[in-house]
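# Structural characterization, general
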Amino acid sequence: MAAPLLDPYLRTEPATVPNAGFQPGSWVWVHTLGSWRPGIVLHSSPHAATVRYRPAQGRGTSVDTVTTHSLAARKDEDPLLDAAPLGAPH
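Quick caveat, the model's predicted, so the values are computed rather than measured.

Cut-off values and rules
Residues numbered from 1 in each chain as written. Predicted model: local features only at pLDDT ≥ 70, side-chain atom pairs only at ≥ 80, totals over all residues. Heavy atoms only, no water. Core = buried A, V, L, I, M, F, W, Y, C linked by side-chain atoms within 4.5 Å. Buried < 20%, exposed > 50% of the residue type's maximum accessible area, 1.4 Å probe, protein only. Helix = DSSP H or I, 4+ residues; strand = E, 2+ residues; numbered from the N terminus. Contact = heavy atoms within 4.5 Å. Pairing = 2+ DSSP bridges. Axes fitted to C-alpha atoms, helices over the stretch in contact; angles between N-to-C directions.

## Focus on the nonpolar core
Residues Phe22, Val28, Val30, Val41, Ala49, Val51, Tyr53, Val66 and Leu71 constitute the largest nonpolar core, which totals 9 residues. Per-element accounting of this core gives the leading share, 3 residues, to strand β3 (residues 48–53). If sequence neighbours within four positions are ignored, Val51 has contacts with Val28, Val30, Ile40, Val41, Leu42, Ser62, Val63, Asp64, Val66 and Leu71.

Okay, structure coming up:
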């Protein structure tokens, strides 16, 4: 599954978020700086999540807290992001 095409604020349907939020380790797309980037949930609540994501094409990662409105489930593997343990610094 490729990244969503729409800006999350242009969605006509509500975002699909589990009732308790995303589980730690869940693969997600993160909408940040105008584009969808692959990420992994570190912590979550029903309204926000702390995620580690790749903000660019390189190996580096960022950690940020975003509202669940800016997240979408991801099924495609990202070999640079998904192979690292959750607690590993990048």
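## Details of the sheet that holds strand β4 (residues 62–67)
Overall, antiparallel pairing links the 5 strands, which are arranged β4-β3-β2-β1-β5 in an open sheet. Only two strands of the sheet have a single neighbouring strand rather than two, namely β4 and β5 (71–73). Here the strands of the sheet are splayed against their neighbours by 45° on average, with no regard to which way each runs. Relative to β5, strand β1 (residues 27–32) is paired through 3 bridges, and the arrangement is antiparallel. Pairing of Val28 across the sheet is with Ala73, part of β5.

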